[in-house]
Each structure stands twice: as structure tokens, then as C-alpha cells.
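# Fold and contact review
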Amino acid sequence: MLWFNIFVNAEIENLDERYLQVIEQQFEDCSHQNGICYWLDTDLMRMLGYEDMVTFKKVIIKAMNACTTLGEDPAEDFIQYKHVDEYEISGSYKLSRFACLLIAQNADVSKIQVKTAQYMLARMADVLLQKQDFERLEARTELTRGEKEMSGVAKSHGIGKGKYDYANFKDAGYKGMYNMSLKQLEKYKGFVKKNGVVLYDRMSTTELAANLFRVTQTSEHIKKNNIHGQSNLEEAAARIGRKVRKTMETVPEDIPLEPSEIKDVKRLGKGAKRNMNKIDT
């Protein structure tokens, strides 16, 4: 396959426009038409330098999760389709152009095939959307779920019903992890709350992941030790926050905020899908 030969014999920085056009044409030649334009997962697997479908399916699942976090329905872009290709490899999906982009962004970047595909497909989408953007968006989504679970656990273990009781419980976790309250942290980081954007929406993947760990471990700690009552729950949240702080290489309050809000990442993703759909309509 010409695609493969070009990929393995050139570094991405050495690919001039002529080679990129050849690679793009090879990608287009692998597409199929049946009311929609699609690529088979077995073909994309080889294009990206993978040798077995077991490993590649893990990448597909990550890409489908990324699709979900963007607020899109994976069923629209990852169409289930059982098939066996000419090399007797079993596949499971017809993939839209946008699905190919998501898969490339979640694939093994150490492969030159993947690096080049990421560049090529991002160029088609006319959007600068990178793997770390998806990782940040996924971490923010998981943190939202974690906080909802922690809220439920706190309520079932006797959190106070006063106006500020749950807020004080949450703030105890911040004080443990950051050595300051949420309001103090916002001021320290130079963050101004506006238009419904909260501090989490500007955090990096690293800081989001640390907070996710704090939140999930707080829930587990409360359940495992059967902790009840407002003051005991606040102390538990602070205790877990302090433990998380001790594990971090950089103190969390000194981790820089991202220049973009999380909604901007979603907007880029949706824009990429629109632009890629236009190519095939």
C-alpha cells in the first residue's frame, strides 16, 4: 500500500505538499460510498500502522468516548457493520471522516503513520484540535460525574440541609488540597467567574485529574468508614484533599490555568465535524 510506504519512509516534518496530497488521495481511495461516505475500520487500522484489531478496537473505543464528551452521538459516526476483509481480519465499524479524525487523535502518536494522519485529518477539518484537548474534555466530564456521586454520598451520610452546608463540605476539600478556600483559590489564580464558567472549566488535564481523584476518593472514604454528620464529613473531605496534595509533583495552586474554556474545546470539536461533513455532502 503506497500510503504505508510513504509513512514509514518519511518524517512528518519532511512531508512536503506534494507528498501530503498523495497521502490524502490514498486515504480518499480507501473510502466507500453507499448512501454515505465511509471507511472500514480494518482499512484504517492498517493505515495507522496497527497490526491487530484487538489493539485497534481499544483506540476506537477511546475515540467513541471522545465523541460522546463532545456531545455527539457516536452511532452517527461509528456505524456498526460486521465484515471480514480480504486479509481475513474481522471488523465491526463503518467510520465517518470525523470518526477517522477522532481515532487518529486517540491513536499511538509514536507511530509516524498516526502523526501524519493527525496532521492530514486536522487539515481537512480546518480546526486545530489535538489529543490533549480531548483528554482535558474527558477529564472535565468525569469530574462532573464524580462530583454528582460525591453529592449523593454526602447527602446519604447526613450532610446538613442548611443553605451553605454542602458548599462548606466542598470547600473543605479545596482547603485540604490547595491550603485555601475556593474563593481564595480563584483570586490566587486570577480567575474571574462569568457567564456560568467555573474554575474547573479553565483547569488543565493534570489539575482536573487531581481533583477527580480527590472527589472519588472522598466518596469512597466516606462510604468505607461510614462517616456521618456535617463536621465529620467536612473533616473527611479535608483529610483526603491533604493526601492528594502530598502526592503531587507541583502544588496544585501553582498549576497554570488553560487560556481557553472547556466550552471552546467542545466548539472546536463540533466545528470539525461540521467541516468534515461538508466534504462528503
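Turning our eyes to something else, we now look at the pattern of salt bridges. Within the structure shown, the criterion is met by 19 salt bridges. The residue Arg145 makes a salt bridge to Glu142 at a minimum N-O spacing of 2.3 Å. Here the residue Arg145 and the residue Glu142 both occupy positions in helix 8 (residues 131-156), the gap between them amounting to three residues, near one helical turn. According to the relative accessible area criterion, Glu142 is partly exposed, its value standing at 32%. Two residues, Asp264 and Arg267, come together in a salt bridge whose shortest N-O distance is 2.2 Å. With Asp264 and Arg267 both in helix 13 (residues 262-279), this residue pair falls three residues apart, about one helical turn. Here the residues in one salt-bridge network are Glu72, Glu76, Asp77, Lys270 and Lys273, joined through shared partners.

What follows deals with helix 13. In a regular helix each residue adds 1.5 Å, so 18 residues correspond to 26 Å; helix 13 covers 27 Å between its end C-alpha atoms and thus fits that length. Within helix 13 the residues assigned to the buried category are Ile262, Val265, Gly269, Gly271, Ala272, Lys273 and Met276. Where helix 13 is buried, its residues touch helix 5 (74-77), helix 6 (97-105), helix 7 (112-125) and helix 8.

Ranked by size, the top nonpolar core spans 43 residues in total, and within it Phe27, Leu44, Leu48, Phe56, Phe78, Ile103 and Leu121 carry the most contacts. Not counting residues within four places of it along the chain, the set of residues in contact with Leu48 comprises Phe56, Ile103, Ala104, Ala107, Lys111, Gln113, Val114 and Ala117. Counting 32 residues, the second-largest nonpolar core is a separate cluster that includes Tyr174, Met180, Ile222 and Leu257.

Overall, the predicted model of the protein chain reaches an average pLDDT of 89, with 93% of residues at or above 70. pLDDT under 50 marks residues 1-10. Its contacts with residues more than four places away, or in other chains, come to 22 contacts.

Turning to the packing of aromatic side chains, a few remarks are in order. A full pass over the atoms with the stated rule returns five aromatic pairs. Consider the rings of Tyr166 and Phe169, whose centres lie 5.7 Å apart with planes at 40°: the pair is tilted. In this pair, Tyr166 and Phe169 both sit in helix 9 (residues 165-178), three residues apart, roughly one turn of the helix. Given the relative accessible area of 22%, Tyr166 is considered partly exposed. Aromatic side chains Tyr174 and Tyr178 sit 6.2 Å apart centroid to centroid with 40° between the ring planes, which places their arrangement in the tilted category. Here Tyr174 pairs with Tyr178, and both are found in helix 9, just four residues apart, close to one helical turn.

Each value, and the rule that gives it
- Residues numbered from 1 in each chain as written.
- Predicted model: local features only at pLDDT ≥ 70, side-chain atom pairs only at ≥ 80, totals over all residues.
- Heavy atoms only, no water.
- Salt bridge = Lys/Arg side-chain N within 4 Å of Asp/Glu carboxyl O.
- Helix = DSSP H or I, 4+ residues; strand = E, 2+ residues; numbered from the N terminus.
- Buried < 20%, exposed > 50% of the residue type's maximum accessible area, 1.4 Å probe, protein only.
- Expected span 1.5 Å × (residues − 1).
- Contact = heavy atoms within 4.5 Å.
- Core = buried A, V, L, I, M, F, W, Y, C linked by side-chain atoms within 4.5 Å.
- pLDDT = per-residue confidence, 0-100.
- Phe/Tyr/Trp six-rings, centres within 6.5 Å; stacked < 30°, edge-to-face > 60°.

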